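Structural overview for review
What follows is the residue order along each chain.
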Amino acid sequence: MCSAVETPISVPDASDNNKMIPRNATYCVLDVETTGLSKLNDRIVQIACVKVKPTGDKESWMSYINPCMDREKQLAGGYKVHHLSPDMLLKKPKFSEIVESLWRFLCGAEYLVAYNCLYDWDMLCQEFRRIDRTESGYTKLEEEFVKKFTWIDVLRLSISSFPSLSNHKLETVAKHLKIEYMSRTTYTYKSSFNSGEVEAVSVTEQSCDPWQGGAHDAMCDVLTTNSVLQEAMGKLNITQLQNLVSEIPHIVLDTILFKDIEQLLSKRQESLVRI
């Protein structure tokens with residue numbers, strides 16, 4: 001079974017006309033594809049990250065993940081969005097097999113950036129929680145994940161920056177900013193694995209069914225999200241991520257608060273069950 005490594009892979013911006021804005025903080029743009037929308041019952045099938053350094057240099061990390069779920073449940077859920085076939089995913093590493101590599105990559109960043117980041121954060125928390133329960137050596141990994149990073153939501157930034165848009169889907173915001181929305185039809189990338197194998201993302205790799213160009217892809221969404229972030233900051237005349245957080249504090253996800261609320265609700269549910 002191969003597993004992803006944190007070896008840097010050069011990736012382009014989603015838009016050829018997009019210029020990197022200098023910043024003095026390292027941040028990582030992240031996206032996940034899943035088997036569905038339930039954080040309790042669904043699993044992650046793809047994670048993609050692009051780390052942007054103060055110099056503007058980028059590194060990327062990506063892995064497909066075997067969700068260890070029934071094939072029919074996968075086909076009835078997130079497959080309709082990303083078209084990652086259960087047969088292909090069956091050959092991929094489990095989350096527990098890539099978590100160390102992912103963690104090392106993320107730990108180089110001060111900020112984690114995502115579009116509608118509560119969803120990505122929630123799904124990753126659940127995966128880390130499963131690791132805490134089932135794997136030795138990862139005690140309290142979820143707690144460390146919650147406290148270590150500052151999460152920035154580009155969806156919230158887009159709503160604040162472009163309130164007149166009819167909706168704030170990533171595709172809509174990208175079109176408004178004249179950013180090419182990345183899809184598998186316009187961008188092919190490669191990911192490296194410990195085995196030395198290099199996989200090209202291709203039509204046949206993605207699905208056993210006829211491939212559809214509109215399928216979501218985590219790395220493509222990451223590249224588009226990064227371009228939206230840069231364009232929004234440029235329009236606000238903000239060049240540093242720290243200043244953006246100071247100017248628009250509500251774009252930061254309060255992970256501690258969300259986790260406290262989750263624990264309170266869990267305790268309340270337990271008490272109701274006892275009654």
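The shown structure was predicted, so the numbers you read here are calculated from the model rather than taken from an experiment.

Further remarks concern the confidence of the model for the protein chain. Averaged over the protein chain, the pLDDT score is 78; the fraction of residues at 70 or greater is 74%. Within the model, pLDDT remains below 50 along residues 1-22, and this stretch shows 78 contacts once partners closer than five positions in the same chain are excluded.

Let us look at the sheet that holds strand S3 (residues 58-64). Here 6 strands make up an open sheet; going across it, the order is S3-S2-S1-S4-S5-S8 and the pairing mixed. At either end of the open sheet lies a strand with only one pairing partner, and these are S3 and strand S8 (252-253). Both strand S5 (residues 150-153) and S8 contribute to a ladder of 2 bridges, which runs antiparallel. Paired with Trp151 across the bridge in S8 is Leu253. Contacts from helix H5 (residues 117-134) reach strand S1 (27-34), strand S2 (44-52), strand S4 (111-114), S5 and S8 within the one sheet, and its direction differs from that of S1 by about 75 degrees.

For helix H10 (residues 218-235), built from 18 residues, the straight-helix expectation of 26 Å at 1.5 Å per residue is met to within 8% by its first-to-last C-alpha distance of 26 Å. Along H10, 15 of the 18 residues are buried, which leaves the element largely enclosed by surrounding structure. Sitting at the head of H10, Asp217 places a side-chain oxygen 3.0 Å from the backbone nitrogen of Met219. Backbone geometry just after H10 places Asn237 at a positive phi near 60 degrees.

Moving on: helix H4 (residues 95-106). Listed in full, the buried residues belonging to H4 are Phe95, Ile98, Val99, Ser101, Leu102, Trp103, Phe105 and Leu106. Contacts made by the buried residues of H4 are with S1, S2, S3, S4, H5 and helix H6 (141-148).

Let us look at the packing of H4 against H6. At a minimum axis separation of 13 Å, H4 and H6 run at an interaxial angle of 20 degrees. Relative to H6, H4 is oriented roughly parallel. Where H4 crosses over H6, the handedness of that crossing is left-handed. Listed contacts from H6 to Val99, Trp103 and Leu106 of H4 are Leu141, Glu144, Phe145 and Lys148. Broken down by class, the residue content of the contact of H4 with H6 amounts to 5 nonpolar, no polar and 2 charged.

Another point: the pattern of salt bridges. Applying the stated criterion across every chain yields a total of 10 salt bridges. A salt bridge links Arg71 to Asp87, with the shortest nitrogen-to-oxygen separation between them at 3.1 Å. Taken together, the residues span a long stretch of sequence, with Arg71 in helix H1 (residues 71-76) and Asp87 in helix H3 (residues 86-89) at a distance of 16 residues. Residue Arg71 is classed as partly exposed on the basis of its relative accessible area of 32%. Ionic contacts of the salt-bridge type, sharing partners, join the residues Arg43, Glu127 and Arg130 into one network.

Cut-offs used in this document
Residues numbered from 1 in each chain as written. Predicted model: local features only at pLDDT ≥ 70, side-chain atom pairs only at ≥ 80, totals over all residues. Heavy atoms only, no water. pLDDT = per-residue confidence, 0-100. Contact = heavy atoms within 4.5 Å. Pairing = 2+ DSSP bridges. Helix = DSSP H or I, 4+ residues; strand = E, 2+ residues; numbered from the N terminus. Axes fitted to C-alpha atoms, helices over the stretch in contact; angles between N-to-C directions. Expected span 1.5 Å × (residues − 1). Buried < 20%, exposed > 50% of the residue type's maximum accessible area, 1.4 Å probe, protein only. Polar contact = N/O pair within 3.5 Å; in protein donor to acceptor, adjacent residues only side chain to side chain. Parallel < 35°, antiparallel > 145°, perpendicular 65-115°, else oblique. Left-handed = near helix turned anticlockwise from the far one by under 90°. Nonpolar A, V, L, I, M, F, W, Y, C, P; charged D, E, K, R; others polar. Salt bridge = Lys/Arg side-chain N within 4 Å of Asp/Glu carboxyl O.

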